Amino acid sequence: MNEKSLIYSLFSKFLDEGQDEIPREEDGKESPEREQDKKSRPQGQPYDRADETEHADRNHDNRVETVEDWNETEQRRRQQMERELLGQEHPELVAVTAAMPDGTGLAAFGKKFPDRFFDVGIAEAHGVTSAAGMAAAGLRPVVAVYSSFLQRAYDQVLHDVCIQNLPVLFAVDRAGLVGSDGETHQGIFDYSFLTSIPNMSVMAPKNLWELRAMLDFAMDYNSPLAVRYPRGEAYRGLKEFRQPISYGVGEILYEEEDIALLAVGSMVSTGEHVRQKLKAEGYRCSLANGRFVKPFDRKMVSRLAKNHRLIVTMEENVLQGGYGLAVTAFIHENYPEVKVLNIAIPDAYVEHGNVSILREGLGIDSDSIIRTMKTGGYIGRETLGIRPVLNRKEA
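These numbers were taken from a predicted model, which means no experiment stands behind them. Numbers given to residues run from 1 along each chain, matching the order in which its sequence is written. Only residues with pLDDT of at least 70 get local features here, since the model is predicted, and only at 80 or more are side-chain atom pairs given and counted; chain-wide, interface and lining totals rely on the full set of residues. The basis for every side-chain value is the complete set of non-hydrogen atoms in the structure, without hydrogens or water.

Re the sheet that holds strand 12 (residues 339-345)
Consideration 1: Two strands pair under a simple rule: DSSP has to find at least two bridges between them. In this text, helices come from DSSP runs of H or I with a minimum length of four residues, and strands from runs of E with a minimum of two, each type numbered from the N-terminal end. A sheet is described by the order of its strands in space; here five strands give the open sequence 7-9-8-11-12, paired in mixed fashion. In the strand order of this sheet, the two ends are held by strand 7 (251-254) and strand 12, each with one partner. Averaged over neighbouring strand pairs, the angle between their axes works out to 25 degrees when direction is ignored.
Consideration 2: In the sheet, strand 7 pairs with strand 9 (residues 285-289) via three bridges, with the strands oriented antiparallel. Bridge assignment links Y254 to a residue of strand 9, and that residue is L287. Geometry is summarised by axes, namely lines fitted to C-alpha atoms with helices restricted to the contacting stretch, and by angles between N-to-C directions that run from 0 to 180 degrees.

Structure follows, in structure tokens:
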């Protein structure tokens, strides 16, 4: 074990592999689209189980524990003992939270390492400034904070951390839609306000394993960095795609032509669904995982632009100042012949509610995205020439 392993204990609530997988289809059945895609998929790249599908309400608190959870108890105790010993060997790693030790998963860490755990109360600005001071003194602070609460510390992130280019890791929890937590807790602005700050880099993992890889990367990165992830447990689909993390580099999961879906974070799983449904209708479609919101992978975007006529950006953040508009500006400047469709949250506050229902109402679920592509004339019309492969012989 090494220092990187210790950081996982900071996110035990989100990273725990002992938890049940989240059902991500309402009916729990394998769709005809997935069955069709399985047949054309190269051997050695099997899909995970059918419940690894599109978003259900990511409500960790309502999850029912099972016998399997209890069977993991002894293993978790051994892991906690190892982390405690490791903590004694690496005193430079510290954790900061603002009155949310349980919600961010830091409570256990605080009990084991009380001298390295700082709960500053409802004072996010103070917490970030404290983290900046500790980083300047040679420590490696991790600020675990809800996306909506990090807004309170924007000035401190900009002036205390980023101007000095200090190695503070921001673990941005509850990013994206949070459902029943309410309108004030929707984490839909962090891409926009974090990417506006010089020296700040922003990452968003597609699943459990990528989050772990990003945390490993973060421990070796010596500048401000935010890792943004949604409420609840991590997505366990797309496990077979585990390209090593490199700064500013995304990954292409499936590469075809005509349509390219370029998604970041939680929207990669939605992109997987969009692709399956489009392929079932006869369209050729690629899927890429942005990984870095800032800096976004210009080489990957260029590769997609050279081989596709339509690029669809997908993010669980407001459109203004987000990932999609930055990518669009780059494409319009360098590849003006390529059409771009931005899928993002509208310029509005979002009320509380079931996440699946909210996503549908906001137009960012898979069915709504495909409907937007069709009604907007992006597919199925001669204007772009993107029509189902099955119908091209009739043209």
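Some details on the confidence of the model for the chain
Consideration 1: For the chain, mean pLDDT is 81; residues scoring 70 or higher make up 74% of the total.
Consideration 2: Along the chain, pLDDT gives the predictor's confidence residue by residue, from 0 to 100. Contacts are assigned to residue pairs that have any heavy atoms within 4.5 Å of one another. Within the model, pLDDT remains below 50 along residues 17-87, and this stretch shows 128 contacts once partners closer than five positions in the same chain are excluded.
Consideration 3: Contacts from residues 391-395, a stretch scored under 50 in pLDDT, to residues over four places away or in other chains number six contacts.

As for the nonpolar core
The nonpolar side chains of a soluble globular protein tend to be buried with one another.
Consideration 1: Formed by 46 residues in total, the largest nonpolar core has its most connected members in L150, V157, F170, L194, M200, L262 and I331.
Consideration 2: In terms of residue count, helix 7 (residues 124-136) provides more of this core than any other element does, five residues in total.
Consideration 3: If sequence neighbours within four positions are ignored, L150 has contacts with V145, V157, F170, V172, F193 and L194.
Consideration 4: In terms of nonpolar packing, the next biggest core, distinct from the first, is built from 33 residues, I259, L261, V318 and M373 among them. Within this scheme, the nonpolar core is defined by two criteria: the residues are buried Ala, Val, Leu, Ile, Met, Phe, Trp, Tyr or Cys, and they are joined through side-chain atoms within 4.5 Å. Any residue under 20% of the maximum accessible area for its type is buried, any over 50% is exposed, and the rest in between are partly exposed; the area is computed with a 1.4 Å probe on protein chains only.

Focus: the packing of helix 13 (residues 298-307) against helix 14 (residues 323-334)
Consideration 1: Contact geometry of helix 13 with helix 14 gives a least axis separation of 11 Å together with a crossing angle of 55 degrees. The angle between helix 13 and helix 14 places the two elements in the oblique class. Where helix 13 crosses over helix 14, the handedness of that crossing is right-handed. Residues R298, V301 and S302 of helix 13 pack against V327, F330 and I331 of helix 14. An angle counts as roughly parallel when it lies under 35 degrees, as roughly antiparallel when it exceeds 145, as roughly perpendicular when it falls between 65 and 115, and as oblique in every other case. Crossings are classed by handedness, with left-handed meaning an anticlockwise turn of the near helix from the far one by less than a right angle and right-handed meaning a clockwise turn.

Observations concerning the pattern of salt bridges
Consideration 1: Any Lys or Arg side-chain nitrogen located within 4 Å of an Asp or Glu carboxyl oxygen qualifies as a salt bridge. Taken as a whole, this structure holds 16 salt bridges when the rule is applied.
Consideration 2: The shortest N-O distance in the salt bridge between R228 and D190 comes to 2.5 Å. Separated by 38 residues along the polypeptide, R228 in strand 6 (residues 225-228) and D190 in helix 10 (residues 190-194) bring together distant segments of the chain.
Consideration 3: Note on D190: relative accessible area 0%, which makes it buried.
Consideration 4: Note that E281 and K374 form a salt bridge whose closest N and O atoms lie 2.9 Å from each other. Here E281, found in the loop between helix 12 (267-280) and strand 9, pairs with K374, found in helix 16 (residues 366-375); they are 93 residues apart in sequence, far enough to count as distant.

A word on the sheet that holds strand 5 (residues 201-203)
Consideration 1: Here we have seven strands laid out as an open sheet, ordered 2-1-3-4-6-5-10, and mixed in their pairing. Two strands close off the open sheet at either side, each with one partner strand: strand 2 (117-119) and strand 10 (292-294). Strand-to-strand twist across the sheet, computed as the mean angle between neighbouring axes with direction ignored, equals 20 degrees.
Consideration 2: Sheet topology note: the strand 1 (residues 93-97)/strand 3 (residues 140-146) ladder contains four bridges and is parallel. Counterpart to L93 in the pairing with strand 3 is R140.
Consideration 3: Helix 11 (residues 208-219) rests against strand 1, strand 3, strand 4 (169-173), strand 5, strand 6 and strand 10 of the sheet, and its axis sits at about 170 degrees to strand 6.

Some remarks on the pairing of strand 3
Consideration 1: Burial runs high along strand 3: seven of the seven residues are buried.
Consideration 2: On strand 3, burial covers both faces: R140, V142, A144 and Y146 on one face and P141, V143 and V145 on the other are all buried.
Consideration 3: The pairing of strand 3 with strand 4 spans five bridges and is parallel. Each residue of the ladder has a partner; that of V143, found in strand 4, is F170.

What about unusual backbone geometry?
Consideration 1: At the junction of K294 and P295, the peptide bond is cis and its omega measures out at -5 degrees in the coordinates.
Consideration 2: Considering the arrangement of structural elements, one finds P295 in the loop between strand 10 and helix 13.
Consideration 3: The backbone of N199 sits at a positive phi, close to 75 degrees, despite the residue not being glycine.
Consideration 4: Positionally, N199 belongs in the loop between helix 10 and strand 5.
Consideration 5: By relative accessible area, which is 39% here, N199 ends up partly exposed.
Consideration 6: For D258, which is not a glycine, the phi torsion comes out positive at approximately 75 degrees.
Consideration 7: Checked against the element boundaries, D258 lands in strand 8 (residues 258-263).
Consideration 8: For D258, a relative accessible area of 4% translates into the label buried.

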